[in-house]
Structures are given as structure tokens and as C-alpha cells.
Amino acid sequence: ARSFRFREAGGRAGCACRAMATQPEGVFASRMQQAIRYKAEGNQHYKEKRVREAISRYHWALMHLRGLDPSEPAPLQAFGGEKEKLSPEQVELLHSVECDCYNNLAACLLRSERVNYERVRDYSQKVLSRQGDNSKALYRAGVALYHIGDYDQALDHLGRAAHACPNDANVKRLIQQTEQHLNLYHQREKAMYRGMFGK
């Protein structure tokens, strides 16, 4: 079965080198290099089960990327500052590293002693807004929505994850659990309406 394993650092190393080589050394290159380094450190902390340290590294990586996205307004623009223009390859790399960090943050939170499922959902949705078929983000969003109690949305995300990874046992098991909760909810709802209007 295909498992939802953690995203390794350097999976797009070739892409990163090409993207950062398209323009002379500048803000993008220096901040992207630092972000990739923090992401790699976060991955290592995660492997060694140091979740809090991993979370801090992913946040640091995202802080270094903040303001680089040409589709988002930069704080300095209000004071006459301009963003560095990015090539399509650089934009692709930027979004890829951001998605990796948010996806890995969701994975870290799911391993925390007290899981903040709302935040897991939000981080996973940030990934899905860029990569709608990301199977890891779909599964983690499904887990979060299941525990929040939004079973319809959980089933939707898990169904999409199952389509991407049809042999994954974790997805199948959670789909069954979600369907059971939905059936129980609908049974209680029917019983409630019978009690209200059956007299």
C-alpha cells in the first residue's frame, strides 16, 4: 500500500537550482536558499521525533518566503517598494516549498500530544489551494475534518485521497469510520424528526 510518508527535503533540488539560476543573485535566491535549509532541518527534526523543533523550522522557512509571491501584496509596496520579478520557474519553486512546509506542519501537528485539528485543516487547505490533488494534504484534511465532526467534508476529502491512493489502508479505514458516523447521525436525525412530527 502506498503510504502517506513525510516529504523529503531536496525532492526538487534540480528544479531549485534551475529556478535560482535564472536571475542574478538577489532577494529571491538568498531567501529561498535559507528557506530550503530550514525545511531540510525541519525534516530531520521530524524524523528524529522532535516535533516542536520541526514546527519552528517550517515556520522559519515560511517567514523567509513571505512577501516573495508576486500574486500577493508586499508590505513595502505601500511605501514605494517593489517586488523582485520572478520567472515562472521561480514561482513554481516558491509555491512548491510553501506547500511542502504547510503539508509538513500539518503532519507535525497530527503527532502532537494535543492535536489542533482546526489548524491541521487550515494548513492542509493551504496546500490544496495550490495542489488540489495532493494526496497527503487530502488525507490530513480528511483526518482533521473527521475529528472536528464535519463528516460530509471529511468523506469528500478522503474519497479524493482514496482515488489518488486506492490501496492505502489508512484511508480505507478512516472512510469506513466516517461513513459509520454519518449513518449514525442520519439515524438520529430521522428519529428526531419522527418525534417532532409523528404525534
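Rules used throughout
Residues numbered from 1 in each chain as written. Predicted model: local features only at pLDDT ≥ 70, side-chain atom pairs only at ≥ 80, totals over all residues. Heavy atoms only, no water. Helix = DSSP H or I, 4+ residues; strand = E, 2+ residues; numbered from the N terminus. Buried < 20%, exposed > 50% of the residue type's maximum accessible area, 1.4 Å probe, protein only. Areas by Shrake-Rupley, 256 points an atom, 1.4 Å probe, with all protein chains shown as cover. Patch = residues over 30% accessible without salt bridge, like charges linked within 9 Å, V, L, I, M, F, W, Y side chains within 5 Å. Salt bridge = Lys/Arg side-chain N within 4 Å of Asp/Glu carboxyl O. Axes fitted to C-alpha atoms, helices over the stretch in contact; angles between N-to-C directions. Parallel < 35°, antiparallel > 145°, perpendicular 65-115°, else oblique. Left-handed = near helix turned anticlockwise from the far one by under 90°. Contact = heavy atoms within 4.5 Å. Nonpolar A, V, L, I, M, F, W, Y, C, P; charged D, E, K, R; others polar. Phe/Tyr/Trp six-rings, centres within 6.5 Å; stacked < 30°, edge-to-face > 60°.

Asker: An account of the overall build of the protein is needed here, citing residue identities and associated values.
Answerer: Per the secondary structure count, the protein includes 8 helices and 0 strands. Reading the helices (α) and strands (β) of the protein from amino to carboxyl end gives α-α-α-α-α-α-α-α. The burial tally for the protein puts 39% of its 199 residues in the buried class. Accessible surface computed for the protein: about 11900 Å², of which carbon and sulfur atoms make up 50%.

Asker: Run through a nonpolar patch on the surface, naming residues and quoting values.
Answerer: On the surface, Met 192, Tyr 193 and Met 196 cluster together into a nonpolar patch covering about 320 Å² of accessible area. Along the chain, Met 192 turns up in helix α8 (residues 169–197).

Asker: Residue-level account of the packing of helix α3 (residues 51–65) against helix α4 (residues 88–110), with values.
Answerer: Contact pair α3 / α4: the axes reach a minimum separation of 10 Å and the direction vectors enclose 155°. Comparing the axis directions of α3 and α4 gives the class roughly antiparallel. For the pair α3 and α4, the crossing hand works out as left-handed. Facing α3, whose interface residues are Val 51, Ala 54, Ile 55, Tyr 58, His 59, Ala 61, Leu 62 and Leu 65, α4 presents Leu 94, Val 97, Glu 98, Cys 101, Tyr 102, Asn 104, Leu 105, Cys 108 and Leu 109.

Asker: Account for the packing of helix α2 (residues 27–47) against α3, with residues named and values stated.
Answerer: Running from N to C, α2 and α3 cross one another at 165°; their axes reach a closest spacing of 8 Å. Taken together, the axis directions place α2 and α3 in an arrangement best described as roughly antiparallel. You can see that α2 and α3 cross each other, and the crossing is left-handed. Within the contact between the two elements, α2 uses Arg 31, Met 32, Gln 34, Ala 35, Tyr 38, Lys 39, Glu 41, Gly 42, Asn 43, His 45 and Tyr 46 and α3 uses Glu 53, Ala 54, Arg 57, Tyr 58, Trp 60, Ala 61, Met 63, His 64 and Leu 65. In the contact of α2 with α3, the residues fall into 10 nonpolar, 5 polar and 5 charged.

Asker: Describe the side chain of His 45, with residues and values.
Answerer: You can see His 45 is positioned in helix α2. His 45 gets classed as buried once you look at its relative accessible area, which sits at 12%. Excluding anything up to four places from it in sequence, His 45 contacts Arg 50, Glu 53, Ala 54 and Arg 57.

Asker: Help me get a handle on the packing of aromatic side chains, residues and values and all.
Answerer: Going through the model one piece at a time under the given rule, you end up with 3 aromatic pairs. Note on Tyr 38 and Trp 60: the rings are 5.3 Å apart at their centroids and 70° apart in plane angle, and the pair reads as edge-to-face. Separated by 22 residues along the polypeptide, Tyr 38 in helix α2 and Trp 60 in helix α3 bring together distant segments of the chain. Classification of Trp 60 as partly exposed rests on a relative accessible area of 36%. For the ring pair Tyr 102 and Tyr 123, a centre distance of 5.7 Å and an interplane angle of 35° mean the geometry is tilted.

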